[in-house]
Structures are given as structure tokens and as C-alpha cells.
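Listed below are the residues making up each chain.
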Amino acid sequence: MSAKTFFEKNTLDDFFRALGKEYRRLTGKKTPAEIILIGGASVLVNYEFRDTTYDVDALIQAASSMKEAIYTVSDRFGLPEEWLNSDFKKTKSYSPKLVQYSTFYRMFSNVLTVRTIRGEYLIAMKLMSGRKYKNDISDIIGVLWEHYNTDVPLTFSDIDTAVQNLYGGWDDMPEDSLPLIKEFLKTDDFSVLYKKYRSDEISAKEALVTFDQEYPGALKDSNVNDIISTLKKKKELHGDI
């Protein structure tokens, strides 16, 4: 996804409205399609703490003409060709059981059903991903925060159940996921916690950009957390990165 392309909740609905119309034009009204929004897009349509997302990751269940419909919408609105994609299925956060635990969002043109992941299942996914240079950790706090302000805040039991259902337990999670979620559930000031971790994510992303420029090709998925930790320690010692 282009760094210059971002989505807001209202514009995202506009794109899905156009997508539903185009898909129906191509396939007719008797060929339904289903899209399950994952990650940032799912956060955007369910919660208020985030205004935008750069990613529209989804599970797509549709006729082959959906790809053409996606490209048509990208041309119409000036979006990247892969503005909506299912590359997420290649990541460790993916579970085939996400379909089972998704919730209805909206129907477009009576053929395109959009569903989302929310609540404890969204937190479980973010814990599995655990990227300290994106919105994963702050998103977890934001979801907890908004549910905390309702009559039914999320509990550790809720999150543990979601982890068990999606991934069979905590064994494959990043090692800091369990202590991290337990720490977050103890807070009584989500606002301060959110600002802290979001600031850390922004700093980590900036540091990684600089690192990648200085050492092209050295940054890998397997070492990114170690690099972030090293750069953070350097900053604390020397006041710069």
C-alpha cells in the first residue's frame, strides 16, 4: 500500500459502495460476495480512537470477477491496484477460524457483505502480530480502552478464549504478548498508556526507516524487534539514533 494513500471510515464506505455496484454489474445480483476486514480497516470501522489506516487487508470470498471490480475502483478513485488484498493470509496472524468469529458490518448493492473482526479477536490478532513499529500495540490499548468505557469491558478470560480459538493457545505468540496484555488490563488510565505506546511506535518506525537507509537489505522480519530494541537502547544512552 502506498505510503501516500490512506483511508478514512467514510471514504472506505464509499469505496465499498462503488465496489459492490461494480461487482454486481459484472456478476449480476445472484452471485454474492463476502469481504472480512482485518487489522487497521477493521479497527477503523469499529472504533473511534483511530481516524485513518494505510492498509485494507481482508479475507475475500467472491467470484473471480471481484479482482476486476477491485481494479476498476482503484482506477476510478486513484488508488493503488491492490488497495484491497488478501496478502494478510501469508502472515502469522492469519487463522482460518477468523471467518467463524467475524461480525456483520454492512451490505452493499445487495450482493457484497462486509464483515469485520472486533473485540477480543482483534486483540488476539494484534498480539500475534506484535509489531512495535506499526499500530499493533496501540490498537490493543485502544480497543481495550473503548470497551472499558462500556458496560462490558473485555477481560483476560475473553482474550484468552479468543487466543485459544484462533491459535490454539499462547505457545506461538511473541514471548512478551502474555505479560503485555496482563499489564494493560491492570491500568486505570488508558489515555496515558495509549499515548506512550503510540509515541514509541512512531519513534520505532522512524528509526527503522533511518536504519534501512544506512544498511540496505539488513532489515528482516526475523530481526526487526531486535533492531528496534538496540536502537532504543542507543537512543537512551546517547540521546539520538
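Data block above holds the structure.
Residues numbered from 1 in each chain as written. Predicted model: local features only at pLDDT ≥ 70, side-chain atom pairs only at ≥ 80, totals over all residues. Heavy atoms only, no water.

A.B. asks: Describe a negative patch on the surface, naming the residues involved and giving the relevant values.
C.D. replies: Together, Asp75, Glu81, Glu82 and Asp87 line one region of the surface with negative charge. Looking at the secondary structure, you find aspartate 87 in the loop between helix H3 (65-77) and strand S5 (103-108). The exposure class of aspartate 87 is partly exposed, given its relative accessible area of 45%. (Patch = residues over 30% accessible without salt bridge, like charges linked within 9 Å, V, L, I, M, F, W, Y side chains within 5 Å. Areas by Shrake-Rupley, 256 points an atom, 1.4 Å probe, with all protein chains shown as cover. Salt bridge = Lys/Arg side-chain N within 4 Å of Asp/Glu carboxyl O. Lys, Arg positive; Asp, Glu negative; His and termini not counted. Charge placed at Lys NZ, Arg CZ, Asp CG, Glu CD. Helix = DSSP H or I, 4+ residues; strand = E, 2+ residues; numbered from the N terminus. Buried < 20%, exposed > 50% of the residue type's maximum accessible area, 1.4 Å probe, protein only.)

A.B. asks: Describe the sheet that holds strand S4 (residues 57-61), naming the residues involved and giving the relevant values.
C.D. replies: An order of S4-S2-S6-S5 is seen for the four strands of this open sheet, with the pairing classed as mixed. With one partner strand each, in any of the chains shown, S4 and S5 form the two edges of the open sheet. Neighbour to neighbour, the strand axes of the sheet diverge by 25° on average, direction disregarded. Where strand S2 (residues 33-38) and strand S6 (residues 112-116) come together, five bridges link them in parallel fashion. Looking at the pairing, isoleucine 36 lines up with arginine 115 of S6. Packed onto the sheet, helix H1 (residues 9-27) meets S2, S5 and S6 and runs at close to 60° relative to S5. (Pairing = 2+ DSSP bridges. Axes fitted to C-alpha atoms, helices over the stretch in contact; angles between N-to-C directions. Contact = heavy atoms within 4.5 Å.)

A.B. asks: With reference to specific residues and values, describe the nonpolar core.
C.D. replies: By size, the foremost hydrophobic cluster in this structure holds 36 residues, and its most contacted members are Ile123, Leu144, Ile181 and Phe184. Among the elements of the structure, S2, helix H4 (119-129), helix H5 (136-148), helix H6 (156-167), helix H7 (177-186) and helix H8 (190-214) are those that each provide at least two residues to this core. Here this core gets seven residues from one element, more than from any other, and that element is H4. (Core = buried A, V, L, I, M, F, W, Y, C linked by side-chain atoms within 4.5 Å.)

A.B. asks: Any details on the pairing of S6? Residues and values, ideally.
C.D. replies: The element S6 is largely enclosed, with a buried count of four among its five residues. As paired elements, S5 and S6 share five bridges and run antiparallel to each other. By the bridge assignment for S6, arginine 106 is matched with valine 114. Counting the residues that bridge the hairpin from S5 to S6 gives three residues, and of these serine 109 lies at a positive phi of roughly 55°.

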